[in-house]
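Okay, here's what each chain looks like letter by letter:
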Amino acid sequence: MLRAMLTIALSGLLLASQAFGSYSCTVSSTNVWDTGYQLDITVTNDGPDSISGWTVQAGFSEPANVTSSWNVTATGGDTASPSFTNCCDWNGNLSPGQSSTFGVQGTHDGSFETPSCSGNGSSSSSSSSSSSSSSSSSSSSSSSSSSSSSSSSNSSSGSTSGGTNIAPLATASTSYVSSWETLSAVNDNSNPTNSNDKSSGAYGNWDNPNSTQWVQYDWSQNYTLTSSQVYWFDDNGGVLVPTTAYMEYWNGSSWVTIGDVPLAEDAFNTIFIDNVTTNRLRVSMLNTSQSTGILEWRVSGTPAGTSSSSSSSSSSSSSSSSSGSAYTPVTTEYVYRDITTDNALFQDSEHFRVYYGTDGRDAGGIVGHNSQAQVTQVLDFLEAAYDYWMVERGFRSPGRPVNGRPGGPFKMNVYSTVDLNAAGAMGYDFNAGLPYLVVHTNSIGSPNVYVHEFGHSITLSEYNWVDKGNTGAWWETTANWHTDDFVAFAPQYGPVAQRYDRPATSTIINLDAVIGRSYLTLVHADNLYEAWPFLTYLNNNPDGYTGFGQSAVSTMYRSHQGNETPLHTIARMTSTPWQQVVASYWARMAYLDIGHPLAQQRLMNVINNSVFRQRAYRNLTSSGNSFYRVIGSRQPMYGGSNLIPLTVTGDGNVSFEITNLGNGLPESNFTATVAIRSTSGNVRYEELPSGNGSVFVNGNEEATLVVANTPDTLYTYNAFESEGNDPEIRGLDYQVQIIGAQPRDL
């Protein structure tokens, strides 16, 4: 169950600052670890006149031991009062109200204090200020309900959200620029007053209406990026704010989508980036009626290798386990239902904290009374899941705030409650940017429940699916895939399971749903929990299709664009036609030949059960003379299929002729395959081009005809909203003539 729970939260950023002369400086500790620190120092022109350069001096309580700095010239880095001077004209020339940020990294003796700063020989004592915000609401839905990872701002600051603007250091290129416009305007560090302010030039691509155009930044070295801001150009004529825009980074071999860029006019549009390391960034834009343009495009980042945070040049996520940062408990970042360490018991592991209760200390009766042994079991299974998914498989840690929120990494809170109306739920606090888990007290002994909810938190942390309605039903599919893959394949699962007297491997496959209702759409409101074997097929990739394998699901998350369905994303991931991918999956599901031995054995245990056969395989009715027609209620929907076991009646030669009788959609089409299994368990597959062909079935073999609904086009739809005559739920009406065999289950 996925539940979006937006609760009261506090977020704060401790700053040390003071003003001097005509400009001020602010020091922000962006990262502090055992023996090191990283600072962002922002210089702001507070005076009425422009300045052409600046020097600031930091005051440390111990020698600064500066090891590196960026976008600044540092002197005296081994003293307690190092000086920093603007490195270049672009960050030294500040108009009134304009700011520039530079970065500093160094080492300390274990007791680091945020330094003060001063300028032009003057100094003053530092002061601390904190900011907090709160919001309170709750909602429940079958899909994620949280804020977008982007925002719009009228800020005139020359620095981007969360760090130094490195755009001026990049070389800009584009798919097209009008001859009278100026591509170099996008990274000249200007501050537009509105979307038609061309005083510093503009990039525009007129006359290219309803076409995707791009602007790209290339740097001479890798940078670790945290956010980006785009100020759209709109002349109220042939160049307008885009109707669609998204940002991508280069992972060394291909472009990977970061997410959608907001489309506000007269404002900087911010997209937060989760520590991607790259030397290329691209923003693509389209307006369905006119052309598009950009006034200013900023990027916040630091030179790669200068941060203690782990990052990957081939992924938009980073495995927290390799960062060396200790995961700290959530304190003021958010509070769920007023449950705190003051009114409930709690137990910690490296990456999780479980809240539970006992008499007189149960948050007013909200948290369940569990034993310490039960809580230890929860932590053991969750830590095993964390090690598998974050450390071994490289998914983003849910302990790192999403949506550009500061701080972390944090331990994930798990609440044992007595009044949850489900076995488990994942919650998300918007202000903190952190997910948490809620488990009914009666389910605290069921690892599949909280591992399923942990799977939701992985999808949330990857973030590209958030607020995308057409991914909604797939959230349950991916959560159960994360669960099954963990209990069936993770080497971390077995030792923990056996410690608690459980089998070393397991599976959660529901054959009645995935086989018995194979005619439903690939992911449907009625099979969303059970459709996960399709992801196992992509992950195990038994057919060796390009683009799939162990990174298939993470790539599916990270390559998502706009509000497309995940099947659209999957289609882009491979050179194999998506229709063939879907048809091959269903052909292998005839005998569950997808690289999942436990699931396959489950099928073999029931495949000849008469009750199961009637539910799963009675798809056709006889029309006479070896003709058979699909039963109306079993017509396969978009991406669904019929599995039709056969009884060979002749010498083993079997021929097929399948006719699409039409469903009113001109793109209606199908793919047919015969799966043939020997008594030794080997399975071979024979395609039937256009539904026609012959196969030979040996005496030691059995065969199943598989017919999949694979139209000529992908459909964009929300599985929770499918109704009536929507194309995705229009069944494939067909008939088949079979010579030499007949359907076993009529």
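## Looking at the overall build of the chain
Right, on to step 1. Assigned secondary structure in the chain consists of twelve helices and 33 strands.
Right, on to step 2. Taking the intrachain contacts of the chain between residues at least 6 apart in sequence as the baseline, contacts between residues at least 24 apart amount to 76%.
Right, on to step 3. As displayed, the chain offers around 27,100 Å² of accessible surface, 45% of which is attributable to carbon and sulfur atoms.

## Let's talk about the nonpolar core
Right, on to step 1. In terms of nonpolar packing, the biggest core is built from 93 residues, with Trp389, Phe454, Phe486 and Phe534 touching the most fellow members.
Right, on to step 2. Contacts of Phe534, omitting those with residues within four sequence positions, involve Trp474, Leu522, Leu567, Ile570, Val581 and Tyr585.

## A closer look at helix α2 (residues 372-392)
Right, on to step 1. For α2, built from 21 residues, the straight-helix expectation of 30 Å at 1.5 Å per residue is met to within 8% by its first-to-last C-alpha distance of 29 Å.
Right, on to step 2. Gly394 sits one or two residues past α2 and shows a positive phi near 80°.

## Describing the sheet that holds strand β31 (residues 701-709)
Right, on to step 1. Here five strands make up an open sheet; going across it, the order is β29-β28-β31-β26-β33 and the pairing antiparallel. The open sheet has two edge strands, β29 (683-688) and β33 (741-743), and neither has a second partner. When the angles between neighbouring strand axes are averaged without regard to direction, this sheet yields 30°.

## Quick notes on the pairing of strand β28 (residues 670-678)
Right, on to step 1. Within β28, eight of the nine residues are buried, which leaves the element mostly enclosed by the surrounding structure.
Right, on to step 2. As paired elements, β28 and β31 share nine bridges and run antiparallel to each other. Across the sheet, Ala675 pairs through a bridge with Thr704, a residue of β31.
Right, on to step 3. Here six bridges tie β28 to β29, and the two strands are oriented antiparallel to one another. Bridge pairing in β29 places Thr673 opposite Glu687.
Right, on to step 4. Hairpin geometry of β28 and β29 is characterised by an intervening segment of four residues between the two adjacent antiparallel strands and by a positive phi of about 100° at Gly681.

## Overview of the sheet that holds strand β24 (residues 620-624)
Right, on to step 1. Taking strand neighbours across the sheet as the criterion, the five strands line up as β24-β25-β32-β27-β30 in an open arrangement whose pairing is antiparallel. Both edges of this open sheet fall to β24 and β30 (692-696), since each of them pairs with a single strand only. Pairs of neighbouring strands in the sheet enclose a mean axial angle of 25°, with direction left out of account.
Right, on to step 2. The pairing of strand β25 (residues 627-630) with strand β32 (residues 734-739) spans three bridges and is antiparallel. Each residue of the ladder has a partner; that of Tyr628, found in β32, is Val736.

## Regarding helix α3 (residues 447-462)
Each α-helix turn comprises 3.6 residues. Residues three or four places apart therefore point the same way.
Right, on to step 1. Helix length check: α3 (16 residues) gives 23 Å between terminal C-alpha atoms against 22 Å at 1.5 Å per residue, within 8%.
Right, on to step 2. Along α3, 15 of the 16 residues are buried, which leaves the element largely enclosed by surrounding structure.
Right, on to step 3. Among the residues trailing α3, Tyr463 stands out with phi positive, at a value near 75°.

## Examining unusual backbone geometry
Right, on to step 1. With an omega of 10°, the peptide bond between Trp206 and Asp207 qualifies as cis.
Right, on to step 2. Along the chain, the position of Asp207 falls in the loop between β13 (203-204) and β14 (213-232).
Right, on to step 3. The backbone of Asn210 sits at a positive phi, close to 55°, despite the residue not being glycine.
Right, on to step 4. Inspection of the secondary structure puts Asn210 in the loop between β13 and β14.
Right, on to step 5. Since its relative accessible area comes to 47%, Asn210 is described here as partly exposed.
Right, on to step 6. Of note in this structure, Ser626 is not a glycine but carries a positive phi near 70°.
Right, on to step 7. Among the secondary structure elements, Ser626 is positioned in the loop between β24 and β25.

## Description of the packing of aromatic side chains
Right, on to step 1. Applying the stated rule across the entire model yields 37 aromatic pairs.
Right, on to step 2. Ring geometry for Trp180 versus Trp206: centroids 6.0 Å apart, planes at 50°, classification tilted. One end of the pair, Trp180, is in the loop between β12 (171-174) and β13; the other, Trp206, is in the loop between β13 and β14, with 26 residues separating them in the sequence.
Right, on to step 3. Summarising the aromatic geometry, the rings of Tyr388 and Phe486 are spaced 6.3 Å apart at their centres and angled 40° between planes, so their arrangement reads as tilted. Of this pair, Tyr388 sits in helix α2 while Phe486 is found in helix α4 (residues 474-489), placing the two residues 98 residues apart along the sequence. Considered together, Tyr388 and Phe486 belong to a single accessibility category, that of buried residues.

## Quick word on the confidence of the model for the chain
Right, on to step 1. Confidence in the prediction of the chain, expressed as mean pLDDT, is 85, and 87% of residues score 70 or more.
Right, on to step 2. Across residues 2-21, confidence stays below pLDDT 50; counting only partners more than four residues off in sequence or on other chains, it has 106 contacts.
Right, on to step 3. Contacts from residues 121-151, a stretch scored under 50 in pLDDT, to residues over four places away or in other chains number 98 contacts.

## Structural notes on the pattern of salt bridges
Right, on to step 1. Counted according to the given criterion, the structure contains 19 salt bridges.
Right, on to step 2. For Arg353, the salt bridge is made with Asp348, and the minimal N-O distance between the two is 2.6 Å.
Right, on to step 3. Connected through shared salt-bridge partners, Asp348, Arg353 and Lys411 make up one network.

## A few points about the environment of Gly259
Right, on to step 1. Tracing the backbone through its elements, the reader meets Gly259 in strand β16 (residues 255-260).
Right, on to step 2. For the pair formed by Gly259 and Gly562, sequence separation is 303 residues and the distance between their alpha carbons is 7.6 Å.

What counts and what doesn't
Residues numbered from 1 in each chain as written. Predicted model: local features only at pLDDT ≥ 70, side-chain atom pairs only at ≥ 80, totals over all residues. Heavy atoms only, no water. Helix = DSSP H or I, 4+ residues; strand = E, 2+ residues; numbered from the N terminus. Contact = heavy atoms within 4.5 Å. Areas by Shrake-Rupley, 256 points an atom, 1.4 Å probe, with all protein chains shown as cover. Core = buried A, V, L, I, M, F, W, Y, C linked by side-chain atoms within 4.5 Å. Buried < 20%, exposed > 50% of the residue type's maximum accessible area, 1.4 Å probe, protein only. Expected span 1.5 Å × (residues − 1). Pairing = 2+ DSSP bridges. Axes fitted to C-alpha atoms, helices over the stretch in contact; angles between N-to-C directions. Phe/Tyr/Trp six-rings, centres within 6.5 Å; stacked < 30°, edge-to-face > 60°. pLDDT = per-residue confidence, 0-100. Salt bridge = Lys/Arg side-chain N within 4 Å of Asp/Glu carboxyl O.

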